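Spelled out from the first residue to the last, the chains are:
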Amino acid sequence: FAFAGALLAALVVHAVGRGRSNDPIRLVLAGVAFGAVLEGVGQGLALVNPQAFDVLRGRNVGNLDIGTLAPVLVAGGFVAVGLLFAVASTRGLNAMALGDEVATALGARLGLTRALALAAITLTAGAASAVAGVIVFLGLMVPHVARRLCGPDQRWVLAFSVVLGPAILILADVIGRLVLPGELPAGVVVAFVGAPVLIALARRRRVIAL
């Protein structure tokens, strides 16, 4: 069900946010809007079943208190396959950053690249969400931090993200358990950091556009 939801979300966000341009800000806004719609639907359905509401509340904040390695081992295989798809799509994504027409002239296969990227998103996001719930802003924040460190080459962005993502998540979990009162879940701590980063990114893009 997590994979089906991830695939549906990716398809809808791509269809709504892409339009006639490849502006990533439009994709982000479409993702946030569709995520809010799905959250409202989920909350409405969960209110009918109090037990389901308690489970959903824990999944929405994201939590690393799994208790056993069994789900991690199961999801790890899907994540590994997703990463292989992501690596295979990096060359095409580098070309697509120059625009579809230039990418086509350079020999990039746009349909294949988008299919590989969609498969990578579905497998990795679906597997992670199935195990730990929704870790808001981590997937949006980490690639932009990686880009600032290594430049626009998607191969390096992916390599840095694979290291930075878990490192930031573990750091957030440690801060939530040891520094902040009440043992806040890692997803809440990541949201505190990720939201300002996205706001700063949106403001910077707006200034560039002006």
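Now for a description of the structure that goes with this document. (Residues numbered from 1 in each chain as written. Predicted model: local features only at pLDDT ≥ 70, side-chain atom pairs only at ≥ 80, totals over all residues. Heavy atoms only, no water.)

### Description of the overall build of the chain
Scanning the chain from N- to C-terminus turns up nine helices and zero strands. For the chain, the α and β elements follow one another from N to C terminus as α-α-α-α-α-α-α-α-α. The C-alpha radius of gyration of the chain comes to 18 Å, within 12% of the 17 Å expected for a compact globule of 210 residues. Along the longest, intermediate and shortest principal axes, the C-alpha atoms of the chain span 55 × 35 × 35 Å. When burial is assessed residue by residue, the chain has 25% of its 210 residues classed as buried. A sequence separation of at least 24 residues applies to 61% of the contacts in the chain between residues at least 6 apart. In the chain, the 16 positive side-chain charges and the 9 negative ones have mean positions that sit 10 Å from each other. (Helix = DSSP H or I, 4+ residues; strand = E, 2+ residues; numbered from the N terminus. Rg over C-alpha atoms; globule rule 2.2 N^0.38 Å. Buried < 20%, exposed > 50% of the residue type's maximum accessible area, 1.4 Å probe, protein only. Contact = heavy atoms within 4.5 Å. Lys, Arg positive; Asp, Glu negative; His and termini not counted. Charge placed at Lys NZ, Arg CZ, Asp CG, Glu CD.)

### Looking at helix α7 (residues 138-150)
With 13 residues, α7 extends 18 Å between its outermost C-alpha atoms, agreeing within 8% with the 18 Å of an ideal straight helix rising 1.5 Å per residue. Just beyond α7, the residue with positive phi is glycine 151, at close to 100°. (Expected span 1.5 Å × (residues − 1).)

### Here's the deal with the packing of helix α4 (residues 70-96) against helix α8 (residues 154-179)
Where α4 meets α8, the closest approach of the two axes is 8 Å, and the angle between their N-to-C directions is 145°. Each of Leu83, Ala86, Val87, Thr90, Leu93 and Asn94 in α4 lies in contact with α8, whose residues at this interface are Gln154, Arg155, Leu158 and Val162. Looking at side-chain class alone, the contact of α4 with α8 contains six nonpolar, three polar and one charged residues. (Axes fitted to C-alpha atoms, helices over the stretch in contact; angles between N-to-C directions. Nonpolar A, V, L, I, M, F, W, Y, C, P; charged D, E, K, R; others polar.)

### Observations regarding a nonpolar patch on the surface
Residues Ile170, Val174, Leu178 and Val179 make up a contiguous nonpolar surface patch of about 410 Å² in total accessible area. Mapped onto the elements of the fold, isoleucine 170 is located in helix α8. Isoleucine 170 gets classed as exposed once you look at its relative accessible area, which sits at 52%. (Patch = residues over 30% accessible without salt bridge, like charges linked within 9 Å, V, L, I, M, F, W, Y side chains within 5 Å. Areas by Shrake-Rupley, 256 points an atom, 1.4 Å probe, with all protein chains shown as cover. Salt bridge = Lys/Arg side-chain N within 4 Å of Asp/Glu carboxyl O.)

### Here's the deal with the pattern of salt bridges
Considering all chains together, one arrives at two salt bridges under this definition. Residue aspartate 153 is joined to arginine 155 by a salt bridge in which the shortest nitrogen-to-oxygen separation is 2.9 Å. Owing to a relative accessible area of 21%, aspartate 153 belongs among the partly exposed residues under this scheme. Using a relative accessible area of 52% as the deciding quantity, one classes arginine 155 as exposed. In this structure, arginine 177 and aspartate 173 form a salt bridge, with 2.9 Å as the shortest nitrogen-oxygen distance. Placement of both arginine 177 and aspartate 173 in helix α8 is noted, with a separation of four residues, approximately one turn of the helix. The class for arginine 177 is partly exposed, based on a relative accessible area of 31%.

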